[in-house]
Each structure stands twice: as C-alpha cells, then as structure tokens.
Amino acid sequence: MVKKIIIGSDHGGFNLKRHLVEFLKGQGVDVVDEGPESAESCDYPVFAAKVAQKVSREGCLGILICGTGQGMAMTANRFEGVRAAVCTNEFMARMARAHNDANVLCLGERVIGIGTAEGVVQAYLETEFEGDRHKRRIDLIETVGK
C-alpha cells in the first residue's frame with residue numbers, strides 16, 4: 001500500500017476530498033492536502049498544478065477531485081512525467097495503474113458516490129505497475145507530440 005498521497009480539489013470536489021483525506025489517514029497513509037481549505041468557488045487549475053508539480057518532482061502519487069475529474073486531468077497531464085487518469089470504477093483504477101502507470105487519480109464528486117470513491121481509491125493504491133510491454137508504451141506517451 002502507498003504510504004504518501006498528495007491530494008487537492010476545487011470547490012466542486014471539496015467535500016469528497018475532505019472525506020478521502022480522513023479515509024486515507026485511517027489506513028495509515030500520509031496525506032498532504034494542497035487545498036483548498038473551503039468550498040468557496042476557486043479555479044481548479046491552481047490546485048491541479050500544485051499536486052502535479054509535487055508528483056512530478058517527488059515521484060509520489062496524487063489524487064485530484066473536481067466536479068467531473070476532467071478539468072483536473074487535463075491540467076495535470078500538462079506536467080512532465082504526470083499521467084493523470086479519470087476513473088469512475090475500480091476496474092478503471094486498477095488498469096490505469098497496472099497498464100498506464102497513472103500517478104494521479106482524478107475523481108468527479110458530482111459523478112461518483114462516496115462508497116464507490118473509496119473503492120476506486122483503494123484499487124488505485126493497491127495496484128502496482130506491471131511494466132514490461134506497458135513500459136514501452138509509457139515511454140511512447142512521453143515522446144509523442146514533441
């Protein structure tokens with residue numbers, strides 16, 4: 001199980017973030033909360049950037065939450081070495097880690113319930129990257145479009 005997670009949200013994901021922080025801490029995970037501190041309207045790219053920068057620099061895993069997860073993923077994926085994936089079920093989370101080496105999980109508070117979110121996070125944290133042929137494909141992701 002992963003020991004450290006960087007987490008962030010916008011106002012649309014604030015309540016789920018707050019719940020997941022406690023959920024993760026209850027499992028012994030060190031959680032670094034990059035904000036926001038309230039559910040007041042805010043701009044998701046600011047918080048996605050904070051998490052993505054730390055994931056890129058530290059090589060840890062991150063979780064980003066907004067209304068749908070899409071805006072967070074689009075922003076986080078602009079950072080070198082970040083592979084952010086929107087997941088709405090446990091299978092997607094397992095495959096994002098096992099085959100795509102996703103290092104940022106993106107969730108949508110407005111599209112996923114708390115119980116499902118816990119299962120998705122659990123699957124994401126328990127799954128290891130399989131490497132092998134998948135590593136070759138990850139390397140290709142890093143080079144396309146440059």
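Everything that follows concerns the structure shown earlier in this document.
Residues numbered from 1 in each chain as written. Predicted model: local features only at pLDDT ≥ 70, side-chain atom pairs only at ≥ 80, totals over all residues. Heavy atoms only, no water.

Enquirer: Please provide a residue-by-residue account of the pattern of salt bridges, values included.
Expert: Counted under the stated rule, the structure contains 7 salt bridges. Between arginine 83 and aspartate 101 there is a salt bridge, and its shortest N-O distance comes to 3.1 Å. A residue pair is termed long-range when its members are at least 10 positions apart, and arginine 83 in the loop between α3 (70-76) and β4 (84-86) and aspartate 101 in the loop between α4 (90-98) and β5 (104-108) qualify at 18 residues. For the pair shown, arginine 83 and aspartate 101 are each scored as buried. Arginine 94 is the salt-bridge partner of glutamate 90, the closest N and O atoms lying 3.7 Å from each other. Pair noted here: glutamate 90 and arginine 94 are both in helix α4, with a separation of 4 residues, about one helical turn. Via salt bridges that share partners, Arg83, Arg97 and Asp101 belong to a single interconnected network. (Salt bridge = Lys/Arg side-chain N within 4 Å of Asp/Glu carboxyl O. Helix = DSSP H or I, 4+ residues; strand = E, 2+ residues; numbered from the N terminus. Buried < 20%, exposed > 50% of the residue type's maximum accessible area, 1.4 Å probe, protein only.)

Enquirer: Describe the pairing of strand β1 (residues 4-9), and please don't skip the residues or the numbers.
Expert: Burial analysis of β1 places 5 of its 6 residues in the buried class, the great majority of the element. In this sheet, strand β2 (residues 30-33) lies alongside β1 in parallel orientation, the contact comprising 4 bridges. What sits directly across from isoleucine 5, in β2, is valine 31. Chirality of the crossover, the property in question, places the unit of β1, helix α1 (residues 14-26) and β2 among those that are right-handed. Here β1 pairs with strand β3 (residues 61-66) via 5 bridges, running parallel. Bridge assignment links isoleucine 7 to a residue of β3, and that residue is isoleucine 63. (Pairing = 2+ DSSP bridges. Right-handed = clockwise from strand over helix to strand, strands pointing away.)

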